[in-house]
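These are the residues of each chain, in order.
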Amino acid sequence: MQLFFHRVDLRLNHTFTIAHDSRDVQPTLIVELRDGEYRGFGEATATRYYGITIDGMVAALDAIRSQIETHSLTDPEHFWAITQPHLAQNPFALCALDQAAWDLWAKKQQQPLYTLWNLDPANSPLTDYTIGLDTPERMVEKMQERPWPLYKIKLGRPEMDLTLVRALRQHTDAVFRVDANCGWSAAEAIAKSRQLKAFGVEFIEQPLPADDWDGAKQVYEQSALPVIADESCIVESDVDRCAGYFHGVNIKLTKCGGLTPARRMISRARELGLRVMVGCMTESSVGISAIAQLLPLLDYADLDGAMLIANDPATGVTFDYGRAVYARENGTGVNLLMNE
């Protein structure tokens, strides 16, 4: 195999704001594994919140280049197991490498990855579309630009949260999900859950800071809506920790280290009776197409990342009014549009 890097600055259609960040450009790293005529792709974005940079990911992968390039890749799970110890401090780099490995492996089998996993895309949930935090007027405009059956609404300004949801509800009958990005207190989350339920909200994602387990227990027991962990569920061991504190977990491939651990996390969550969601960062069709292979295993999906950008460097899985449309290509369906 040969290892290649593609650095891309993804331009967002709108300034994207959540409770702790705002950005117009999202740097991302596309990792390519090439074996003869076959090319596998994976992706991970830079993020200040987790201290992940493009240079840092490249350096971490370059440090084990010889180990990567001499591997036969007959089993992506084994490949993950031998590379993970070297990339344990950079799960984003591990994620991009793991996605590329699964894509390459499936392309060499000349099958879509979901087929090799014995999954049926017909059983996939719809994906939501995210409305970033803004003024009520701008959030309404963003929603009207993309008619959709499910919207994920970013909240986190205590004095404005209910006003925002109320304003959006006046313009659509779509199902709402809200994400406070750790911005509320327990008492606030419980009180708002009752009002949000009246606005047709399906669930609340990560209302409290990730380490507020006492508050999470209180919200879990008293909330009028299901509560889904995000920042409180990063790695595999967190799934067990979330049982009894959340009704479900949102798994992010970049945070846990790729498709390989994500599949195990989904299985463990099912064993514990937790609902399962898989989300994305603001990433291109490379990362979204990899995540979409998991859709038949999920209750909820948040895979709108590529829809939020203006310069997607790849083709792959797309979405038609929330429903995944899988590409004809094998593997994860990715075809890179860049020549470098």
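Overview of the structure. (Residues numbered from 1 in each chain as written. Predicted model: local features only at pLDDT ≥ 70, side-chain atom pairs only at ≥ 80, totals over all residues. Heavy atoms only, no water.)

### A closer look at the nonpolar core
Selection rule: The set of buried Ala, Val, Leu, Ile, Met, Phe, Trp, Tyr and Cys residues whose side-chain atoms join them within 4.5 Å is what this entry labels a nonpolar core. Exposure is judged per residue with a 1.4 Å probe applied to protein chains only, and the accessible area is read against the type maximum: over 50% gives exposed, under 20% gives buried, and values in between give partly exposed. Numbering of helices and strands starts at the N terminus; helices are DSSP runs of H or I of at least 4 residues and strands are runs of E of at least 2. Pairs of residues are marked as contacts when any of their non-hydrogen atoms sit within 4.5 Å.
One finds Leu 33 and Leu 61 to be the most contacted residues of the largest nonpolar core, which totals 103 residues. Broken down by element, the residue count for this core peaks at twelve residues, all from helix 4 (residues 91-108). With residues up to four places along the chain from it excluded, the contact list for Leu 33 reads Met 1, Gln 2, Leu 3, Tyr 38, Arg 39, Gly 40, Ile 68, Phe 79, Leu 97, Ala 100, Ala 101 and Leu 104. Within the second largest apolar cluster, ten residues are counted, among which are Leu 10, Phe 41, Val 286 and Met 338.

### Points about the pattern of salt bridges
Under the convention used in this document: Any Lys or Arg side-chain nitrogen found within 4 Å of a carboxyl oxygen on Asp or Glu counts as a salt bridge.
Within the structure shown, the criterion is met by 24 salt bridges. Of the charged contacts, one joins Arg 138 and Glu 141 as a salt bridge, the two residues approaching to 2.3 Å between their closest N and O atoms. One end of the pair, Arg 138, and the other, Glu 141, are both in helix 6 (residues 136-145), three residues apart, so they sit about a helical turn from each other. Take Arg 138: its relative accessible area is 28%, and that puts it in the partly exposed class. Connected through shared salt-bridge partners, Lys 152, Lys 154, Asp 179, Glu 205 and Asp 302 make up one network.

### Digging into the pairing of strand 6 (residues 175-179)
Sheet faces and side chains relate simply in a regular strand, where the side chains alternate between the two faces. What counts, and what does not: By this definition, two strands are paired if DSSP reports at least two bridges between them. Handedness is read with the strands pointing away from the viewer; a crossover is right-handed when the path from the first strand over the helix to the second is clockwise.
Strand 6 sits mainly inside the fold: four of its five residues count as buried. Both strand 5 (residues 150-154) and strand 6 contribute to a ladder of five bridges, which runs parallel. When the bridges of strand 6 are listed, Leu 150 appears paired with Val 175. Traced from strand 5 through helix 7 (residues 161-169) to strand 6, the parallel crossover comes out right-handed. In this sheet, strand 7 (residues 201-205) lies alongside strand 6 in parallel orientation, the contact comprising three bridges. Note that in strand 7 the partner of Val 178 across the bridge is Ile 204.

### As for the sheet that holds strand 10 (residues 275-279)
We apply this condition: Interaxial angles span 0 to 180 degrees and are taken between N-to-C directions of axes, which are lines fitted to C-alpha atoms, for helices over the stretch in contact.
One open sheet accounts for eight strands, arranged 4-5-6-7-8-9-10-11; its pairing is parallel. At either end of the open sheet lies a strand with only one pairing partner, and these are strand 4 (129-131) and strand 11 (300-302). For this sheet the average axis-to-axis angle between neighbouring strands, irrespective of direction, equals 25 degrees. The pairing of strand 10 with strand 11 spans three bridges and is classified as parallel. Counterpart to Met 277 in the pairing with strand 11 is Tyr 300. The strands that helix 7 touches are strand 5, strand 6 and strand 7; relative to strand 6, the one it contacts most, it runs at about 160 degrees. Running over the sheet, helix 8 (residues 186-198) touches strand 6 and strand 7 and is turned about 155 degrees from strand 7.

### Remarks on the packing of aromatic side chains
How we decide: Whether two aromatic rings pair depends on their centres lying within 6.5 Å, for rings of Phe, Tyr and Trp, where Trp uses its six-membered ring; planes under 30 degrees apart make the pair stacked, over 60 edge-to-face, and the rest tilted. Whether a charge sits over a ring comes down to the Lys NZ or Arg CZ being within 6 Å of the ring centre and within 35 degrees of the ring normal.
Evaluation of the coordinates by the stated rule reveals ten aromatic pairs. Between Trp 213 and Phe 246, the ring centres sit 6.1 Å apart and the planes meet at 85 degrees, which makes this aromatic pair edge-to-face. Taken together, the positions of Trp 213 in helix 9 (residues 213-222) and Phe 246 in the loop between helix 10 (236-242) and strand 9 (248-252) put the pair 33 residues apart, joining distant regions of the chain. Looking at Trp 213, the relative accessible area reads 14%, which means it is buried. What links up through ring pairs into an aromatic cluster is the set Tyr 49, Tyr 50 and Phe 92. Its end group placed over the ring of Phe 4, Arg 34 keeps NZ or CZ at 4.1 Å from the ring centre. Positioned above the aromatic ring of Trp 80 is the side chain of Arg 264, whose terminal nitrogen or guanidinium carbon lies 4.9 Å from the ring centre.

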